[in-house]
Amino acid sequence: MADPLLFNPRAYDPAHFDPETRRLLRATVDWFEARGKRRLIEDYRSRAWLGDFLDFAAKEGLFATFLTPASAAEGEDQRWDTARIAALNEIFGFYGLDYWYAWQVTILGLGPVWQSDNEAARSRAARLLAEGEVFAFGLSEKAHGADIYSTDMLLEPDGDGGFRATGSKYYIGNGNAAGLVSVFGRRTDVEGPDGYVFFAADSRHPDYHLVKNVVDSSKYVSEFRLDGYPVGPDDVLHTGRAAFDAALNTVNVGKFNLCTASIGICEHAMYEAVTHAHNRILYGRPVTAFPHVRRELADAYVRLVGMKLFSDRAVDYFRSAGPDDRRYLLFNPMTKMKVTTEGEKVVDLMWDVVAAKGFEKDTYFAQAAVEIRGLPKLEGTVHVNLALILKFMRNHLLDPAGYEPVETRLDAADDAFLFRQGPARGLGSVRFHDWRPAYDAYASVPNVARFREQADALCDFVSRIAPDERQSRDLDFLLSVGQLFALVVHGQLILEQARLTGLDEDVLDELFSVLVRDFSANAVELHGKDSATDAQQDWAIAAVRRPVVDEARAARVWERVEALSGAYEMNA
Ligand SMILES: Cc1cc2nc3c(=O)[nH]c(=O)nc-3n(C[C@H](O)[C@H](O)[C@H](O)COP(=O)(O)OP(=O)(O)OC[C@H]3O[C@@H](n4cnc5c(N)ncnc54)[C@H](O)[C@@H]3O)c2cc1C
């Protein structure tokens, strides 16, 4: 029997989606299974370009169906539907991050286009998608990293209403093949933010020079250079501050995909890890008889379940967002920094168990161990996203507002708001629904109750001994507060989703025993920070808790983990 909480290609039937979505998701799984594990791994090892996969996607109209919003749609199944996009991310992560990346940067490349009023560019993008082309997002530059204000992609007016663009971009996925590259730059004749421009370039134009792939991988993460590239009015997507907002709002849409990719990676790696450990006999007993191995695999399993519950619930807030409900601006960077770093922990825990096996070239695990590291670093680092979520902490913890409940959003709707998010500022004014009822609903689950004590303690911290003026410039200290806050939000959405899906309470309890330990560890970390005051140090030690241990419960959860042994092996 397949575990109902994990993706398993053998049992996968996404019947909760409309027939065409269901068909396409299943066809994608079938394409990978038919390709087979040996070939998939060989392509990964030999850094082969993804031509066959892109041919499959083009033939099925996969990207065109999933990535053309209703406003530009020609077929009835085309819409921008975050629920099914999330499902596809998971499948791509499960089979290989290189496939996911080609699709992900296509999403990013489309962001500035679908936010634009430029009809010519929009129809060009829709046509290219229908023809099976991929896209690229040219924001990063070699010298500037996260500092996108300092772009050196310069647009000189050509006197005819257009520009000549000159400059380089670095770390740009699909820059070798994209039919349309959305490029961020600034005008030479306008100072400050009013000079920003987002424009569409064609990677096959003679003034577009592909320099190289900067990474050693099937992912084509390019450096390219434009030399007097002609940018006509039809190519201009956004100008001025709107261009900057389009960059941030695109990243808002794009970074949501990292959590589900990370989940897919962990799921495939977990089938391999548990199967290996359970069948390996040392000293006459399976490796899984060791208590520490059980603990590590069970922790990995419940952490993974937590990643899934949080991400599924975040989809609902993302899809229900609007000008008066911008809660996704917290939940979205949480999927980015929290879920993807949980993914790293899950793989680390399993790697401790499978040890040498995790290096073997005929395993999926070997690539999972490498690729899982990338996700926390793309679309803004963990630091950048943690710094972002801190802006919401006070409002979220202490000043809830009334909202209508948000339902599960698996309906076949077009998420039009994502392309008209508006100005990216004003984060401090975003309000949230009260986090406490989600916890109250599970007050009888021992470790939820234990964790709730820690969440209440954090509220006490924020209202009584929050960082002062000097500390508010110490990002090292602030980020450790951010980790505590992230845990409370993580727990909240997990509980909301647990309620909506009727999650087994044993699993929930074990999951919260991990969160209690995480909160304690982070409190100790804060205690040791250079600038922590005496009051903050005392608070930190007082917030440490021991989870509620229950051997029978742990044994029941272990049975679920053990059952993953042999539950899935990819076609050879
Ligand atoms: C495989 C891969 C694919 C990529 N694909 C694309 C793509 O298709 N298109 C694209 O435009 N870019 C792409 N990128 C770039 C990626 O988004 C950047 O790597 C990322 O934004 C971080 O920039 P950086 O690595 O240069 O770090 P830097 O900006 O140099 O940061 C250095 C350190 O400073 C910290 N830091 C920087 N700013 C802040 C801040 N405000 N607050 C707190 N800490 C901060 C960072 O966390 C980091 O620890 C890709 C990168 C890789 C590795």
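Residues numbered from 1 in each chain as written. Predicted model: local features only at pLDDT ≥ 70, side-chain atom pairs only at ≥ 80, totals over all residues. Heavy atoms only, no water.

### What about the overall build of the protein chain?
Item 1. A tally of regular secondary structure across the protein chain gives 20 helices and 10 strands.
Item 2. For a compact globule of 572 residues, the expected C-alpha radius of gyration is about 25 Å, and the protein chain comes in at 24 Å, within 12% of that figure.
Item 3. Here the C-alpha coordinates of the protein chain stretch approximately 75 × 60 × 40 Å along the principal axes.
Item 4. Relative to its full complement of 572 residues, the protein chain shows a buried share of 59%.
Item 5. Look at the contacts in the protein chain between residues 6 or more apart in sequence, and 79% of them connect residues 24 or more apart.
Item 6. Of the accessible surface of the protein chain, which amounts to about 21900 Å², a share of 51% is contributed by carbon and sulfur atoms.
Item 7. Of the side-chain charges in the protein chain, 64 are positive and 85 negative, and the distance between the mean point of each set is 3 Å. (Helix = DSSP H or I, 4+ residues; strand = E, 2+ residues; numbered from the N terminus. Rg over C-alpha atoms; globule rule 2.2 N^0.38 Å. Buried < 20%, exposed > 50% of the residue type's maximum accessible area, 1.4 Å probe, protein only. Contact = heavy atoms within 4.5 Å. Areas by Shrake-Rupley, 256 points an atom, 1.4 Å probe, with all protein chains shown as cover. Lys, Arg positive; Asp, Glu negative; His and termini not counted. Charge placed at Lys NZ, Arg CZ, Asp CG, Glu CD.)

### A closer look at the site of the ligand
Item 1. Around the ligand sit 19 residues, and of these S140, A146, Y171, T381 and H383 come closest.
Item 2. Measuring from a nitrogen atom of the ligand, one finds a backbone N or O atom of Y171 at 2.9 Å.
Item 3. Protein coverage of the free-state accessible area of the ligand, which is 970 Å², stands at 64%.
Item 4. A per-element tally of the shell around the ligand places strand β3 (residues 163-173) first, with 3 residues.
Item 5. When grouped by side-chain class, the residues that make up the shell around the ligand number 11 nonpolar, 6 polar and 2 charged. (Near = heavy atom within 4 Å. Polar contact = N/O pair within 3.5 Å; in protein donor to acceptor, adjacent residues only side chain to side chain. Nonpolar A, V, L, I, M, F, W, Y, C, P; charged D, E, K, R; others polar.)

### Considering the environment of V287
Item 1. With respect to the helices and strands, the residue V287 is situated in the loop between β10 (285-286) and α10 (291-319).
Item 2. Assessed through its relative accessible area of 8%, V287 is described here as buried.

### As for the packing of helix α6 (residues 97-114) against helix α8 (residues 241-255)
Item 1. At a closest axis distance of 9 Å, the pairing of α6 and α8 adopts a crossing angle of 150 degrees. Taken together, the axes of α6 and α8 are roughly antiparallel relative to one another. In this structure, the crossing between α6 and α8 has a hand that is right-handed. Between α6 and α8, the residues in contact are Q104, I107, L108, G111 and P112 and T250, V251, V253, G254 and K255, respectively.
Item 2. Here the residues of the contact of α6 with α8 sort into 5 nonpolar, 4 polar and 1 charged. (Axes fitted to C-alpha atoms, helices over the stretch in contact; angles between N-to-C directions. Parallel < 35°, antiparallel > 145°, perpendicular 65-115°, else oblique. Left-handed = near helix turned anticlockwise from the far one by under 90°.)

### Some points on helix α9 (residues 257-279)
Item 1. For α9, built from 23 residues, the straight-helix expectation of 33 Å at 1.5 Å per residue is met to within 8% by its first-to-last C-alpha distance of 34 Å.
Item 2. Counting buried residues along α9, 20 of its 23 residues qualify, which places the element largely inside the surrounding structure. (Expected span 1.5 Å × (residues − 1).)

### Description of the side chain of N332
Item 1. Following the sequence through the fold, N332 ends up in helix α11 (residues 328-354).
Item 2. Once residues within four sequence positions are removed from consideration, N332 is found in contact with N252, K255, F256 and F318.

### Some details on the state of the cysteines
Item 1. The full count for this structure, using the stated rule, is 0 disulfides.
Item 2. Its sulfur unpaired, C266 is 11 Å from the next cysteine sulfur, which belongs to C259.
Item 3. Among the residues examined, C266 registers a relative accessible area of 0% and is labelled buried. (Disulfide = S-S within 2.5 Å.)

### Examining the packing of aromatic side chains
Item 1. Evaluated as defined, the whole model comprises 45 aromatic pairs.
Item 2. Ring centres of Y317 and F331 lie 4.8 Å apart, and the angle between their planes is 50 degrees; on these two criteria the pair is classed as tilted. With Y317 in helix α10 and F331 in helix α11, the pair connects residues that are 14 residues apart, well separated along the chain. The pair Y317 / F331 is uniform in exposure class, with both members buried.
Item 3. Across the ring face of Y403, the terminal group of R327 is positioned such that the distance to the ring centre comes to 3.7 Å.
Item 4. Over the ring of Y442 we find R499; its NZ or CZ atom is 4.6 Å from the centre of that ring. (Phe/Tyr/Trp six-rings, centres within 6.5 Å; stacked < 30°, edge-to-face > 60°. Lys NZ or Arg CZ within 6 Å of the ring centre and 35° of its normal.)

### Side note on unusual backbone geometry
Item 1. Although it is not a glycine, R47 sits at a positive phi angle of roughly 55 degrees.
Item 2. Of note, R47 is situated in the loop between α2 (37-45) and α3 (51-60).
Item 3. Despite not being glycine, N174 has its phi angle at roughly 65 degrees, a positive value.
Item 4. A relative accessible area of 1% places N174 in the buried class.

### Considering the pairing of β3
Item 1. Bridge count between strand β2 (residues 154-157) and β3: 4 bridges; the pairing is antiparallel. In the strand pairing of β3, P157 is matched with F163. (Pairing = 2+ DSSP bridges.)

### Focus: the pattern of salt bridges
Pairing is possible between side chains of opposite charge, provided their charged atoms come close.
Item 1. Under the defined criterion, the tally for this structure stands at 61 salt bridges.
Item 2. Close ionic contact of D348 with R373 constitutes a salt bridge, the shortest N to O distance being 2.5 Å. One end of the pair, D348, is in helix α11; the other, R373, is in the loop between α12 (365-371) and α13 (382-390), with 25 residues separating them in the sequence.
Item 3. Under the relative-accessibility criterion, D348 is labelled partly exposed at 33%. (Salt bridge = Lys/Arg side-chain N within 4 Å of Asp/Glu carboxyl O.)

### Quick notes on α2
Item 1. Within α2 the residues assigned to the buried category are K37, L40, I41, D43 and Y44. Take α2 and look down its axis: the buried residues cluster within an arc of 160 degrees, on one side only.
Item 2. On its buried side, α2 packs onto α1 (19-35), α5 (82-95), α6, α9 and α12.
Item 3. Remark: R47 follows α2 within two positions and exhibits a positive phi of approximately 55 degrees. (Arc of directions from axis to C-beta.)

### Digging into the side chain of N249
Item 1. Position of N249 among the secondary structure elements: in helix α8.
Item 2. Engagement of the side chain of N249 in a polar contact is seen with the backbone oxygen of G422, the distance being 2.9 Å.
Item 3. Discounting residues that sit within four places of it in the chain, N249 has contacts with Q115, Q421, G422 and A424.

### Considering a nonpolar patch on the surface
Item 1. A contiguous nonpolar patch, built from V524, I541 and V544 and spanning about 230 Å² of accessible area, is present on the exposed surface.
Item 2. Of note, I541 is situated in helix α19 (residues 534-542). (Patch = residues over 30% accessible without salt bridge, like charges linked within 9 Å, V, L, I, M, F, W, Y side chains within 5 Å.)

Worth remembering: the numbers are spatial, not functional.
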